[in-house]
Amino acid sequence: MIERPTETIAWLDAPWFTGDPVASLEVQIKAIEVDARKFALCLYVVRVKTKTGVNIKPSDIANWPHLSINIVADLLTATPRERAEAAYMVLSQVNE
């Protein structure tokens, strides 16, 4: 483990999940490993909010049997921030 004198300096070395495409993909991969369906639903929730300003919850759409091809195509255009936010929604509930 690398020793860092302050928390501020330590954060300089931390991945920037919301802006760095590679870091956001890494956290996305972990979220998919934990729960792929929930990640897709959370990413859809984030995309809806980004595009329309409408707040929905993953539980509002959790019973959908599948995601349409149009929704899947939209998810593929998610920004690093949107992927990181959706991953956080999945991973923050792992230890609850």
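Relevant structure appears above.
An account of the accompanying structure is given in this report. (Residues numbered from 1 in each chain as written. Predicted model: local features only at pLDDT ≥ 70, side-chain atom pairs only at ≥ 80, totals over all residues. Heavy atoms only, no water.)

A word on the overall build of the protein chain. Check the secondary structure of the protein chain and you find five helices and zero strands. Written out in order from the N terminus, the α and β elements of the protein chain read α-α-α-α-α. Across the 96 residues that make up the protein chain, the buried fraction comes to 28%. Expressed as a percentage of contacts within the protein chain between residues at least 6 apart in sequence, the contacts between residues at least 24 apart total 70%. Counting only carbon and sulfur atoms, one obtains 60% of the accessible surface of the protein chain, whose full area is about 6800 Å². (Helix = DSSP H or I, 4+ residues; strand = E, 2+ residues; numbered from the N terminus. Buried < 20%, exposed > 50% of the residue type's maximum accessible area, 1.4 Å probe, protein only. Contact = heavy atoms within 4.5 Å. Areas by Shrake-Rupley, 256 points an atom, 1.4 Å probe, with all protein chains shown as cover.)

This part is about helix α2 (residues 21-52). Relative to the 46 Å expected for 32 residues at 1.5 Å per residue, α2 spans just 23 Å between its end C-alpha atoms, considerably shorter than the ideal helical length. Of all the bends in α2, the largest measures some 125° and sits at Asp35. One or two positions beyond α2, positive phi appears at Gly53, with a value near 80°. (Expected span 1.5 Å × (residues − 1). Bend = angle between axes of the 7 residues up to and from the residue.)

Next up on the list: the packing of α2 against helix α5 (residues 80-91). Following both chains from N to C, one finds α2 and α5 inclined at 100°, their axes separated by 5 Å at the closest point. Viewed along their axes, α2 and α5 adopt a mutual orientation that is roughly perpendicular. Classifying every residue of the contact of α2 with α5 gives 17 nonpolar, three polar and seven charged. (Axes fitted to C-alpha atoms, helices over the stretch in contact; angles between N-to-C directions. Parallel < 35°, antiparallel > 145°, perpendicular 65-115°, else oblique. Nonpolar A, V, L, I, M, F, W, Y, C, P; charged D, E, K, R; others polar.)

A separate point is the nonpolar core. Counting residues in each nonpolar core, the largest one holds 19 residues, and the members touching the most others are Phe39, Leu43, Tyr44, Leu75 and Ala86. Sorting the residues of this core by element identifies α2, α4 (69-75) and α5 as the ones contributing at least two each. The element contributing the most residues to this core is α2, with eleven residues. (Core = buried A, V, L, I, M, F, W, Y, C linked by side-chain atoms within 4.5 Å.)

With that settled, the discussion passes to the pattern of salt bridges. Summed over all chains, the structure comprises four salt bridges. Two residues, Glu82 and Arg47, come together in a salt bridge whose shortest N-O distance is 2.8 Å. In this pair, Glu82 is assigned in helix α5 and Arg47 in helix α2, connecting sequence segments 35 residues apart. In this structure Glu82 comes out as buried when scored by relative accessible area, which is 4%. Across the pair Asp74 and Lys51 runs a salt bridge, and its minimum N-O distance is 3.1 Å. (Salt bridge = Lys/Arg side-chain N within 4 Å of Asp/Glu carboxyl O.)

Further remarks concern the environment of Tyr88. The topology assignment puts Tyr88 in helix α5. Classification of Tyr88 by relative accessible area gives exposed; the value is 60%. Each C-alpha atom of the pair Tyr88 and Val27 lies 8.3 Å from the other, and the pair is 61 residues apart in sequence.

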